[in-house]
Structure formats: structure tokens, C-alpha cells
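A structural walkthrough
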Protein chains: 2
Amino acid sequence: MLAVVNCSQLVTLRGAARPRVGAEMRELSIIEDGAMLVGDDGRIAAAGARSEVEPLIAGDCEVLDAGRRVCLPGFVDAHAHPVFAGTRAGEFEQRAAGATYQEIAAAGGGIRASVRATRAATEDKLVSASKRYAGWLLRGGTTTVEAKSGYGLSVADELKMLRAVRRLNAETPLQYVPTFLGAHEVPDEYRARRADYVELVIEEMLPRVAEEGLAEFCDVFCEAYVFDVDDSRRILSAARTHNLGLRLHADQLSLSGGARLAAELGATTADHLEHTDAAGIAALKSAGVQPVLLPGSVYALGSSRYPAARAMIEAGLAVVIATDFNPGSSPTPSMPLVLSLASTHMRMTPAEAITAATVNAAYSLGRGRETGSLDAGKRADFCLHDCADYRELAYFFGVEHAHAVYVGGRLAFRRGN
Amino acid sequence: MLAVVNCSQLVTLRGAARPRVGAEMRELSIIEDGAMLVGDDGRIAAAGARSEVEPLIAGDCEVLDAGRRVCLPGFVDAHAHPVFAGTRAGEFEQRAAGATYQEIAAAGGGIRASVRATRAATEDKLVSASKRYAGWLLRGGTTTVEAKSGYGLSVADELKMLRAVRRLNAETPLQYVPTFLGAHEVPDEYRARRADYVELVIEEMLPRVAEEGLAEFCDVFCEAYVFDVDDSRRILSAARTHNLGLRLHADQLSLSGGARLAAELGATTADHLEHTDAAGIAALKSAGVQPVLLPGSVYALGSSRYPAARAMIEAGLAVVIATDFNPGSSPTPSMPLVLSLASTHMRMTPAEAITAATVNAAYSLGRGRETGSLDAGKRADFCLHDCADYRELAYFFGVEHAHAVYVGGRLAFRRGN
């Protein structure tokens, strides 16, 4: 058994039987001078005030003194591309010098550059490159991360990516939730025959992915010049027949109808939504779709068009925020930086941002009963942050606040100094 | 003696006898597979290709294997307020919920809130609170930081702040350069008689600061509703008679004439410059004033009006970038995040940003012959960053890249894991 004592704030978010909406998003159920007990099964046995929890501590229990730090559930990063080979630092330099993301993509860069590097990498190499990022994610206090494929874009390379995710799940403390994103981009060899690539995704990739049990969700990059609404509908409808949950890159670069499609299909999430209008928000609401907002990519693309988080919260949507970690449009693995962006540029309060990054994110990945809050019975995924007030996580930005990170009650990262 | 070997890139910026301008800012003088020798005096004895440096390594020399990491000069953070008591996380929350910085200031918050907390703190308490931030600065790869007073605003409290800076200089590895900023804000007790406060600054504070040798520079927050151009001119002219160098918070919130005043007075730097026009840029150029750009505060205020870095570089100004680290408008100690902001939102290339954050920044603090590049004879202030390509520092954002930081050849920080 493990007892965590002497937390300045135990931020529990306890008791959410469903994702939180509206004013509930500001309710973190903070216990001052809190303590927590973790069983040998790696699950939370009790979380509460010191006076309630201390009598339960057995003699042979390991005691972790939090040193008046904040204890938070591990962050759940519900939209990420954390498996790739190569970086795109060269393109980053070109963009700083004035090239646009679209110009770079047209010259063969962008997602296609990562596809070339990822195809060229063996599964071993992909796993080893991605472990660097697993370390960064943990250092940021993230304990569960979605991992999309989508840099393979051939049957063999998409399967290679998803097998790499399975290995990362086994070989690192981080909990990966795999998503098949074969429809991330049209690969070079299908440039002139997009319809054939859509067929390949539906007829070959999806059945193989499902057969091997390599993914829980299917996602599509829905944008007029990539996969339009009709392509996206076909792919996601097929994915549903394989019992995959549905996610959608929607309305990122234009109002292409992605949010409405997500609502029509009853997708679990609609992601990005920078251009979604009021009708799109209403459609998401009536269909119970969770919006996943990705301010890191707005920032990294040098834009200032952030999604309308305030309108979505006020409409009663169960908002999620995530990193969109990827080597092109959002090279950040840091959930604390996403909290900063949410509070600074999307007018979410620090409490709303924390809710969006933990319990709401967990539900959006089908892990709402498992993680995302400090409730008895859940897996003991938590982080001690080196501050006494949780609001400092969003306030002091560019700093790694995590002091120690636990997944399933086991130490996954500890700051050495 | 210390030998640093096996650097993937030794980013030297060598040979700058003055701050770099124009196309020079893109020239980092990178040595692939570089090595460096540090003498027992803590100064760089040699920096060059492995084949040149290895023959110089004596038998009893300590060898630091950089493990194919990038070696960079320590960052020089030339505009910062890293000494304060209390945080303003509560105000941060209010701003996220919709209050403006100006509304919070009008209600007694803002700088005045930090003044109350700093006045209430003893010198010991101030030193101990600020050591937390010294640790963060070092972790970000910063080895020299400017430290402004300006949260005291009384003779005793301004002196207390500057004495705290002196102690931090002695008690931490970080190199502080002290700046007197008595004219940061008009304190509450002088609210109705600003002219009297200006007199206090000129007649009492400046002589005391100079007499005790507590500052190298004098700075003023020049803005119509705080200290206008006439006040600023009087204060800085007086500072010059005490042999202090001149800096100026100029044109941050409006085109108030700050850049022109800095040029008129031949100040060392003009800082912020979000609203400076072409005439202001030309004035800075002809007077040889260095612009210090502070994108962290633009970001943290939720604005998208970044200063015109591109125009300034093209005009031949020796641009500097800095954190503006402070508890209100820029709560980040991270120079890597400032590199990211510079490349992402000000169209500076990663190389230009590195130059602005090292050698140019060092000159702007009167330390150009001492630090800011890896030249033989300079103090061995350097950082090994955990990447093989220096561009990753600006590209992967929200991550602490520093692996080991040395000041004067002595280990100041090392990542424990």
C-alpha cells in the first residue's frame, strides 16, 4: 500500500459519473491538506481529508510525503500523434522565414515528410524514437495519451505504427489509447486517385486493424482538399461496423461541415473546431459529441483564431483540451502549456481547463471510469506538481511543474533535482 | 581543467566584437562534432573542432561527454523582474474569467499587488522566494539575468530589493545584473502627487542606489498614464549623472514616444516596442539603441500585437529577446519559450532568435566581452541541451531542454533523469 500525505491541495474532481458540463467544469472538489491511499492493486482505496485517511494507513504502508505540493489526477491527452520518425525542425525554420504551412505541404513537406520518415523506419526504430516523447509526456504530468496512426498511409506502415503503439504501451509507464488514422492525408502514390485510397482504407486497412485489435477509435482528417465530408462519412461508417469509436478532425482550416458530420454520425469527439459556427455547436450539443480543442496547433501555426471554447462551455458541451502533439503543426507534448493557452487565449478559467484536461478527456477516450479523477476504485494515476496552488500550473508557463508522476500507483517519473 | 567533448553542434557565435545586426544575426558559427576546453579560472581556453581541441586535453583534465547533445552559450535574459514576493495567480484566474489587466490594476491589483507583497516581505523572505525562480531560470539554460527593482517603490523597499539581488548573485550560480526601476509605478501613497514621487526617485532613491553601488542600470516605465515622456527624461537624465546605464519600458501599450526618448538620451536599450512606428525604429537605429523584445508579455496578456522584429532586423538594429519574467504580465522564466514565440509569432528564424538571446543580449547588459558566446577568454557559461539540432529548442515548445548548465565552468544544474 502507498499513502500520499501532506498535499496542499488534493484536486480530486471526484464523483463525475459522466463528463462535466457548464458550471460543473469549475468544480474541482479540492481537499485542502488532503491525503490518498493506494492499494496493492494500483487503485485508489481512499482520497480525502488527512483526518479521514490517516487512520486507514497500515503499519507496513509506504508513505509519500507530498511536501505541501498539489496532487492532481494525471493529465489525459485525448488528441495526439506521439509516434513518428524524424522531426520537422527544418520546416519550422522555413516557416519562421516566411513560408506558409500550405506552401511547405505543396512542396512535399508537411505530413508527407513525416510519412516518408516513418515508412523508412523499422518498428524498433519507431518505438525507440517515440520513447523520447513518452518521457516528455510523463514529465508534463500526462499519464494517458491517445496515439493516432496516420504517418504510414499504407497497409503495412499503418499496422507498423499501431504495433509500435502497442509496444510503447507495454514498454513505458504511459497508457496509450490507439486510434487508427489511415485517412490523415492522401499518400503521394495515390495523389491522382484519392477515391482508390479511400477504398484501400475501408477495404484493407480497417479490417486488418480491427482483426488484430490494434485500435479503439477511428479518426479522419476532414477538410475539403483532403478527405471531404462524403469521404469522411464513408470511412467512419465503415469503422463503426468494426466496432471502433469515432473521432474527427473537424473544421480546423475552414468550415467544412466536420462538426455537423460528427453530430450526424454520433461520433465520440469532434476535434479542432477553429471554424465551427453556432449551428455546428448546437449540432454537437444535441448529439452529445465532445469537442476536443487544440490550442497548441493554433499557436504553432502562428494564428490567433482559437476555437470558441467559451461558447461551447456555455452551450453545455463537455469540452476537452489536448496537445495535438505532432511534428508539424503542434510540436508540444505539454499539457501545462495547453492549460496556459486555454486560460490566456480561450478564456477558460484554470479550473475549467483542468476539468477539460482530466475527467472530460478521460471520458472522451472511453476511460472515464478508469482514470481522470481521484475517486476510490479508479487507477491511481496522479501527479504531484511543485506548487501549492493548482492555478500556478496554467499561470507560470514554460515550466515543467511535475515533481513526481504515478501510473497505477507506481512511480513513472520523479524529478531528480 | 574541464574538457567538453562529443557535442553534436557547438554553437559558438564566436568573434562578435559588437552586437550582431542584419544578416549577421543568422550566423551562429556552429562547429559540428565540437569540443571546448575550460581553464581552472572558469574561462574558455579553447573552442573548436574535436581534432583541434583534443590534443590540448591534459591528463588530469575532467572530461564531460556531451553525448551528441547541442552545446550553446548560456542564455542572457536581458529584461526580467525575477525578484518578488507572492504570486498573482488569483488575478490570472480573474483575467481568464474576463477581467482586463487594466480593470484589475484599477481595483488595486497589478503591479501594486506585488508592491504590497514585496513591501511586507523581509529581505530574507524575498531572497528565499526568488531562489525558486533562480532555479527555474537555470533549468531553462539561462546563466545571466537582469533583475529590476520596482516592487518596493519606497526608499527602504527599493534598497531592500536591490540588496536581495546582491545576495542572490552571491548565493546562487546565476549571474544577476541589477537595474533600478523605482519608476515602475506610482505607489498608492503618492497617487495624487505623482510629481512628488518623481522627486523622491531623483532626489533620494537614485543617490542612495548609486552610493551603495546597488545597480548598473536605471529603467523607467514610460507610458502616458504612468511616467510620461517628461518624467522619464528627468529621471533618466538624473540616472546618467550617477553613471548608471539607461533602459526604458517604451511604447508597450501605446505609441507614447518612448522609443524616441530612448534615442534622444542614447539609452542602452528600449524595451517592449509593441507600438513603435517606423520613425521610432529609425530613431533607435541612428542612436545605436538596442531593442529588447518581450513576446512573453504579449502572449500572456492574450494579445496578438507582437513587436515588429522583422522590420527592426531589416533596419539593422541589434535585436534582443528576453522573458520579461514577472508575476503579472509575463509569468515565464523560459528563454526556450521566448525562442518559440520569436520564431512562431515574430518571424525570427531560430538562428536570429538564438543570437538575440545570447550575444546581443549580453552586449545590452554590458556583458558582451564576458559572456554570450563561446569565445576563448570569456567566462565558461554554457548549456548542454538534450537535442542534436539547435533548432529543436524553438521547435519543440513547452519542454525543458537543458540537460546540464555551467556558469564560470562550474556545474549549476544537471537534470537528474
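Computed from a predicted structure; not experimentally measured.

Procedures and definitions
Residues numbered from 1 in each chain as written. Chains lettered and ligands numbered in written order. Predicted model: local features only at pLDDT ≥ 70, side-chain atom pairs only at ≥ 80, totals over all residues. Heavy atoms only, no water. Domains from an automatic or database assignment. Contact = heavy atoms within 4.5 Å. Buried area = accessible area lost by both parts, 1.4 Å probe. Salt bridge = Lys/Arg side-chain N within 4 Å of Asp/Glu carboxyl O. Polar contact = N/O pair within 3.5 Å; in protein donor to acceptor, adjacent residues only side chain to side chain. Helix = DSSP H or I, 4+ residues; strand = E, 2+ residues; numbered from the N terminus. Pairing = 2+ DSSP bridges. Axes fitted to C-alpha atoms, helices over the stretch in contact; angles between N-to-C directions. Buried < 20%, exposed > 50% of the residue type's maximum accessible area, 1.4 Å probe, protein only. Arc of directions from axis to C-beta. Parallel < 35°, antiparallel > 145°, perpendicular 65-115°, else oblique. Left-handed = near helix turned anticlockwise from the far one by under 90°. Least-squares fit on C-alpha atoms with pLDDT ≥ 70 in both. Phe/Tyr/Trp six-rings, centres within 6.5 Å; stacked < 30°, edge-to-face > 60°. Lys NZ or Arg CZ within 6 Å of the ring centre and 35° of its normal. Nonpolar A, V, L, I, M, F, W, Y, C, P; charged D, E, K, R; others polar. Core = buried A, V, L, I, M, F, W, Y, C linked by side-chain atoms within 4.5 Å. pLDDT = per-residue confidence, 0-100.

1. As for the domain arrangement of chain A
All names here are of chain A. When cut into domains, chain A gives domain 1 (2–73 + 373–414) and domain 2 (76–364). Measuring from the centre of the C-alpha atoms in domain 1 to the corresponding centre in domain 2 gives 29 Å. The interface of domain 1 with domain 2 comprises 30 residues on the first partner and 32 residues on the second. Each partner contributes to the roughly 2,600 Å² buried at the junction of domain 1 and domain 2, and carbon and sulfur atoms together form 68% of this total. Note that E352 and R26 form a salt bridge whose closest N and O atoms lie 3.0 Å from each other. On the surface where domain 1 and domain 2 come into contact, there are 8 residue pairs in polar contact (both at pLDDT 80 or more). Among the secondary structure elements, those contributing two or more residues to the side of domain 1 that touches domain 2 are β5 (70–73), β15 (382–385), α16 (392–395), β16 (402–407) and β17 (410–414).

2. Some details on the sheet that holds strand β6 (residues 75–77) of chain B
All names here are of chain B. Overall, parallel pairing links the 5 strands, which are arranged β6-β7-β8-β9-β10 in an open sheet. The sheet terminates laterally at β6 and β10 (245–246), the two strands that pair on one side only. Alignment of β6 against strand β7 (residues 142–148), held across 3 bridges, turns out to be parallel. Along β7, the bridge assignment pairs D77 with V145. The sheet strands contacting helix α5 (residues 123–139) are β6, β7 and β8 (175–183), and the helix crosses β7 at an angle near 140°.

3. Quick look at the side chain of T355 of chain A
You can see T355 of chain A is positioned in helix α14 (residues 350–357). Given a relative accessible area of 0%, T355 of chain A falls into the buried group.

4. With respect to helix α2 (residues 89–96) of chain B
Along α2 of chain B, the residues that are buried comprise A89, E91, F92, R95 and A96 of chain B. Along the axis of α2 of chain B, the buried residues cluster in a sector spanning 155°; they form a single face. Residues of α2 of chain B that are buried in the fold lie against α13 (335–345), α14 and α16 of chain A together with α3 (101–106), α4 (111–120) and α11 (295–300) of chain B. Of the residues one or two after α2 of chain B, G98 of chain B is the one with positive phi, at around 125°.

5. Examining the environment of F227 of chain A
Residue and element names in this part refer to chain A. With respect to the secondary-structure elements, F227 resides in the loop between β9 (217–220) and α8 (229–241). Take F227: its relative accessible area is 0%, and that puts it in the buried class. As for F227 and R194, which are separated by 33 residues in sequence, their C-alpha atoms are 8.5 Å apart.

6. Regarding the packing of helix α5 (residues 123–139) of chain A against helix α6 (residues 155–171) of chain A
Residues and elements named next belong to chain A. Their axes nearest at 9 Å, the elements α5 and α6 cross at an angle of 50°. As judged from the angle between their axes, α5 and α6 are oblique. Crossing of α5 over α6 shows right-handed handedness. Across from E123, D124, L126, V127, S130 and K131 in α5, the residues of α6 making contact are K160, M161, R163, A164, R167, L168 and E171.

7. A word on the relation of the copies chain B and chain A
Aligned on chain A, chain B shows an RMSD of 0.0 Å; the corresponding rotation is 180° and the shift along the axis is 0.0 Å. Seen this way, the second copy is the image of the first under a two-fold rotation axis. Minimal C-alpha separation from the rotation axis in chain B is found for G416 of chain B, amounting to 2.0 Å. Looking at chain B, 100% of its interface residues are interface residues in chain A too, so the copies touch through the same face.

8. What to know about the sheet that holds strand β11 (residues 249–250) of chain B
All names here are of chain B. Ordered by their spatial adjacency, 4 strands build an open sheet running β11-β12-β13-β14, and the pairing between neighbours is parallel. Of all strands in the sheet, those bounded by a partner on one side alone are β11 and β14 (320–321). As judged from the 2 bridges shared by β11 and strand β12 (residues 269–272), these two strands associate in the parallel manner. Each bridged residue has a counterpart across the sheet, and for A250 the counterpart in β12 is H272.

9. Looking at the packing of aromatic side chains
Going through the model one piece at a time under the given rule, you end up with 28 aromatic pairs over all chains. Look at Y197 of chain B and F227 of chain B: their rings are 6.3 Å apart centre to centre, the planes differ by 35°, and that puts the pair in the tilted class. Separated by 30 residues along the polypeptide, Y197 of chain B in helix α7 (residues 194–211) and F227 of chain B in the loop between β9 (217–220) and α8 (229–241) bring together distant segments of the chain. A connected cluster of aromatic rings, assembled from ring pairs, spans F84, F92, Y133, W136, Y151 and F325 of chain A together with Y395 and F396 of chain B. In this structure, R247 of chain A packs its charged tip against the face of F217 of chain A, placed 4.5 Å from the ring centre.

10. Notes on the interface of chain B and chain A
On the chain A side, the residues contacting the 56 residues of chain B number 56 residues. In total, about 4,700 Å² of surface goes out of reach between chain B and chain A, with carbon and sulfur atoms giving 59% of it. It is Y299, Y395 and F397 of chain B in chain B that bury the most area against chain A; as a group they hold 18% of the surface buried on that side. Put simply, chain B and chain A have 6 salt bridges between them. One can count 25 residue pairs in polar contact (both at pLDDT 80 or more) joining chain B with chain A. If you list the elements that add at least two residues to the side of chain B that touches chain A, you get α2, α5, α11, α13 (335–345), α16 (392–395) and β17 (410–414) of chain B. The residue inventory of the side of chain B that touches chain A, partitioned by class, reads 24 nonpolar, 19 polar and 13 charged.

11. Details of unusual backbone geometry
Residue and element names in this part refer to chain A. Unlike most non-glycine residues, L153 shows phi in positive territory, near 60°. Tracing the backbone through its elements, the reader meets L153 in the loop between β7 (142–148) and α6. Overall, L153 belongs to the buried group, its relative accessible area being 0%. Located in the positive-phi region is L273, a residue other than glycine, with phi close to 65°. Relative to the assigned elements, L273 resides in the loop between β12 (269–272) and α10 (278–287).

12. Observations concerning the side chain of S232 of chain A
Residues and elements named next belong to chain A. Its place among the elements puts S232 in helix α8. Since its relative accessible area comes to 0%, S232 is described here as buried. One polar contact links the side chain of S232 to the main-chain carbonyl oxygen of D228, over a distance of 2.8 Å.

13. Description of the nonpolar core
Core analysis: the largest hydrophobic core is formed by 232 residues, its most contacted members being I321 and M348 of chain A together with I321 and M348 of chain B. Apart from the residues lying within four places of it in its own chain, the contact partners of I321 of chain A are V76, L293, M335, V338, L339, A342, M346, M348, A353, A356 and A357 of chain A.

14. Section: the confidence of the model for chain A
Residues and elements named next belong to chain A. Averaged over every residue, the pLDDT of chain A is 97; the share at 70 or more is 100%. Taking the mean pLDDT of every element in chain A, the minimum, 85, falls on helix α3 (residues 101–106) and the maximum, 99, on strand β6 (residues 75–77). Reported confidences for the modelled complex are a pTM of 0.98 and an ipTM of 0.97.

15. Considerations on the environment of R68 of chain A
Residue and element names in this part refer to chain A. One can find R68 in the loop between β4 (62–65) and β5. Look at R68 and you get partly exposed, because its relative accessible area is 39%. Put simply, R68 and H385 are 317 residues apart on the chain and 9.7 Å apart in space, counted from C-alpha to C-alpha.

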